[in-house]
Amino acid sequence: MSDNIILLSHGAGGKKSSELTEKVFLKHFTDPALLELNDMAVLELPPGRLSISTDTYVIDPIFFPGGDIGSLAVHGTVNDVAMSGARPIALSAGFVLEEGLSIADLERIAASMARAAGQAGVRIVTADTKVVPRGAADKLFINTTGIGVIPGNLEIGGGQASEGDRVLISGTIGDHGIAVASSREGIDLTTPVVSDSAPLNGMIGELVASLGSDIHVLRDPTRGGLATVLSEIASHSSVGIAIQESAIPVRDTVRGACELLGYDPLYLANEGKLVVVAAEKAHEEALRIMQNHPYGSDAVLIGTVTGERPGKVVLNTLMGGTRLVDKLSGEMLPRIC
Amino acid sequence: MKYLDEYRDPRVAKALLEKIHGSAGRIDREIRIMEICGSHTVSIFRAGIKSLLPENVRLVSGPGCPVCVTAMSDMDRMIALASPPDGTDTLVATFGDMIRVPGTKTSLEAEMASGADVRIATSPLDAVMWARKHFEKSVVFLGVGFETTSPTIAATVLKARKSGLKNLFVYPAFKLLPPALVALLETPDIAIDGFLCPGHVSVMLGADAYRPVAARYEKPCVIAGFEPIDILLGISNICDQLAENKHEVANAYGRAVSNGGNVKAMGILDQVFEPVDAPWRGLGTIPASGLGFREEFAAYDAIRRFGLDSVEAGSEPKGCACGEVLRGLMDPPRCPLFGKACTPDSPVGSCMVSSEGSCAAWYKYSS
């Protein structure tokens, strides 16, 4: 390719499009189903119910400490598919590229997606590319759709929490939110925070294999953070959730950055953390499984599902007081003072 | 985490709470303590402090959130800057909280969506950077804030002058804290027993700034930081003073606040700005409570540059009780719009917009 940026002709369906597909995408996406270059992929699936999820990734900056838009697009959808207890199997990838995007950046992202998919054990089996004029998109947007298969008769979902269940989290909260915010705003943190972006399907697979129907809810606290996810679970299951501030793990650097910017770590996005609501009798085993997994080594018990104040999350503060925790409203913005 | 964990230590909190219960128990009536600053309001809610205080100790939120006290007339003019009357190509730079505050007809957020160049800054220096990058535009920074924020904006103006930047302007909607305290205490029906004074403003002002207020109105004024222990220390000191019938200025934030304040920062502020009468949402116009450009810096004044004096001043939204809330006359849930027509997702009044607004804090942490 003589040029090094995306041109409108790369999306016109002609020679330039083929050139881009061959020299960027096929170099990294090597699944046999995709290499057939049909408009669809034909897959053999194991028996079970299908879990399907789609998400579109739009992030500024596209490269951030600990990840990039490509690995995020794979991890995000793999995790969403897995939150039903499913084993993710395959992904599609749709790209909207802005005219002028550096081809080197695109290739770096494609390579990162391929790496992330390999690490998660999912196949990228079909893809599509469109190019839009400069200004009509911000560098690139990626849509990924994932499918997975739910083994057995698992009924895992936001409405399954019941009184007495325990609430667990797989590690520190807010790392992704602060990594992206500090990178975007050019805030120089003494100890840099890297995104926690990671595939959670391995840990989930081990949890459901060992504990099956004792796992009631699985959620990844992405946008809106831990607070929003717990509020949604409390609301969907019509239960109360009581959490302990002292138990919720937050890195010192993240806490410091939150103080600086006026953010609440409970509302910061995470891309590699798992919230598990498990039956009381199974929670210690669930915690052990999480702690033995590389992405859950800091897993802790943070709270209990109660019969009080259905639909509400109550935080017991460090000071010994209580307060309610609601869903995120609007967008978190840096405060004035 | 050093300098943070010490101020969140549950054992220290327990001891302070016992002390507060002891002092308050010696006072046979309701004690109303006003936390002037929105950052205090949010910290109080986040730490669950209200649920731990004696029944007769009541915390009342005051007018210390700069977004909340910005008058509708200023809001309308700031929004007009996004598409100024003279057709100039402008870039409006502002701290994030301001973009969602409704004006009479629209908001900066709505103007942004319609194509106006409104950008969220994390520092006034962002505006300098944008002014250097966009010579074709007039870059206007919205100067909203108390003594904490205004010196950095004054320094930014000095920097712009030194570097010869001709396309950077500031809309001066700054507020000064001491005149607001006086105005509050002169308001009929306000029953405030003492003030919890904001740490960051006091770093600039110094403890001495509160002495005339404490002496003249016989109200304890205690400066406190924003960590839970700082706040409990402040409340404890006020209760002790009330129990002993004292009304002094005390500094419970000695690690940051001196008696004289930050003389250098206040000097920079004084070099660029001078006190002017200013309109406050809910409090009306308070003499010498705002800052305007000194004549020699008039070239940086967005109000003069864009003829914003001619923008018609709008009225407060119907039914909105932000004024009463800001004066401590009404708790947010008593406003007829609270949680119904007015929520953080579709705010009617500024107190529900700002992350440090009383209504937003009540809605978020206790509804």
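Residues numbered from 1 in each chain as written. Chains lettered and ligands numbered in written order. Predicted model: local features only at pLDDT ≥ 70, side-chain atom pairs only at ≥ 80, totals over all residues. Heavy atoms only, no water.

(A) Region of the structure containing the overall build of chain B. Broken down by element type, chain B carries 15 helices and eleven strands. A compact globule built from 367 residues should have a C-alpha radius of gyration of about 21 Å, and chain B, at 21 Å, falls within 12% of that. Among the 367 residues that make up chain B, the fraction classed as buried is 63%. At a minimum sequence separation of 6, the contacts of chain B that also span at least 24 residues come to 78%. Roughly 14200 Å² of accessible area belongs to chain B as shown, and the carbon and sulfur atoms make up 52% of that amount. With 38 positive and 42 negative side-chain charges, chain B shows a spacing of 3 Å between the two charge centroids. (Helix = DSSP H or I, 4+ residues; strand = E, 2+ residues; numbered from the N terminus. Rg over C-alpha atoms; globule rule 2.2 N^0.38 Å. Buried < 20%, exposed > 50% of the residue type's maximum accessible area, 1.4 Å probe, protein only. Contact = heavy atoms within 4.5 Å. Areas by Shrake-Rupley, 256 points an atom, 1.4 Å probe, with all protein chains shown as cover. Lys, Arg positive; Asp, Glu negative; His and termini not counted. Charge placed at Lys NZ, Arg CZ, Asp CG, Glu CD.)

(B) How the structure looks around the sheet that holds strand 1 (residues 31–37) of chain B. All names here are of chain B. Taken in spatial order, the five strands make up an open sheet running 2-1-7-8-9, and their pairing is parallel. Because the sheet does not close on itself, it has two edges, and the strands there are strand 2 (57–64) and strand 9 (249–251). The mean inter-strand angle of the sheet, taken between neighbouring strand axes irrespective of direction, is 25°. This element, helix 10 (residues 228–243), spans strand 1, strand 2, strand 7 (194–198), strand 8 (221–224) and strand 9 of the sheet and lies at about 165° to strand 8. (Pairing = 2+ DSSP bridges. Axes fitted to C-alpha atoms, helices over the stretch in contact; angles between N-to-C directions.)

(C) Representation of the sheet that holds strand 3 (residues 90–94) of chain B in the model. All names here are of chain B. The parallel open sheet is built from four strands, whose spatial order is 4-3-5-6. Across the chains shown, the open sheet's two edge strands, defined by having one partner strand only, are strand 4 (117–120) and strand 6 (168–172). Taken pair by pair, the neighbouring strands of this sheet meet at an average axis angle of 25°, ignoring direction. Summarising the sheet, strand 3 and strand 4 pair through four bridges and their orientation is parallel. Within strand 4, the position partnered with Val92 by the bridge is Val118.

(D) Region of interest: the interface of chain B and chain A. Each partner contributes to the interface: chain B provides 39 residues, whereas chain A provides 26 residues. Between chain B and chain A lies a buried interface of about 2800 Å² when both sides are counted; carbon and sulfur atoms form 58% of it. At the junction of chain B with chain A, the criterion picks out one salt bridge. With its nearest N and O atoms 3.8 Å apart, the salt bridge here joins Arg46(B) to Asp264(A). (Buried area = accessible area lost by both parts, 1.4 Å probe. Salt bridge = Lys/Arg side-chain N within 4 Å of Asp/Glu carboxyl O.)

(E) Representation of the nonpolar core within the structure. Residues Leu81(B), Leu108(B), Tyr171(B), Phe195(B), Tyr210(B) and Trp280(B) are the most contacted members of the largest nonpolar core, which totals 76 residues. With residues up to four places along the chain from it excluded, the contact list for Phe195(B) reads Met34(B), Ile36(B), Leu181(B), Leu184(B), Leu185(B), Pro220(B), Cys221(B), Val222(B) and Ile238(B). Counting residues in hydrophobic clusters, the runner-up holds 36 residues, among them Tyr57(A), Ile69(A), Val122(A) and Ile142(A). (Core = buried A, V, L, I, M, F, W, Y, C linked by side-chain atoms within 4.5 Å.)

(F) Broad picture of the pattern of salt bridges. A complete count under the given rule lists 37 salt bridges over all chains for this structure. Residues Lys281(A) and Asp214(A) are paired through a salt bridge, measuring 3.7 Å at the closest nitrogen-oxygen approach. Here Lys281(A) is found in the loop between strand 10 (275–278) and helix 9 (283–291), whereas its partner Asp214(A) is found in the loop between helix 6 (201–211) and strand 8 (215–219), with 67 residues between them in sequence. A relative accessible area of 66% means that Lys281(A) is categorised as exposed. Classification of Asp214(A) as buried rests on a relative accessible area of 19%. Its salt-bridge partner being Arg294(B), residue Asp270(B) comes within 2.9 Å of it at the nearest N-O pair. In this pair, Asp270(B) is assigned in helix 11 (residues 263–272) and Arg294(B) in the loop between strand 11 (284–293) and helix 12 (302–305), connecting sequence segments 24 residues apart. If you follow the salt bridges from partner to partner, you end up with Asp89(B), Asp117(B), Arg119(B) and Lys137(B) in one network.

This is a description of form; function is not addressed.
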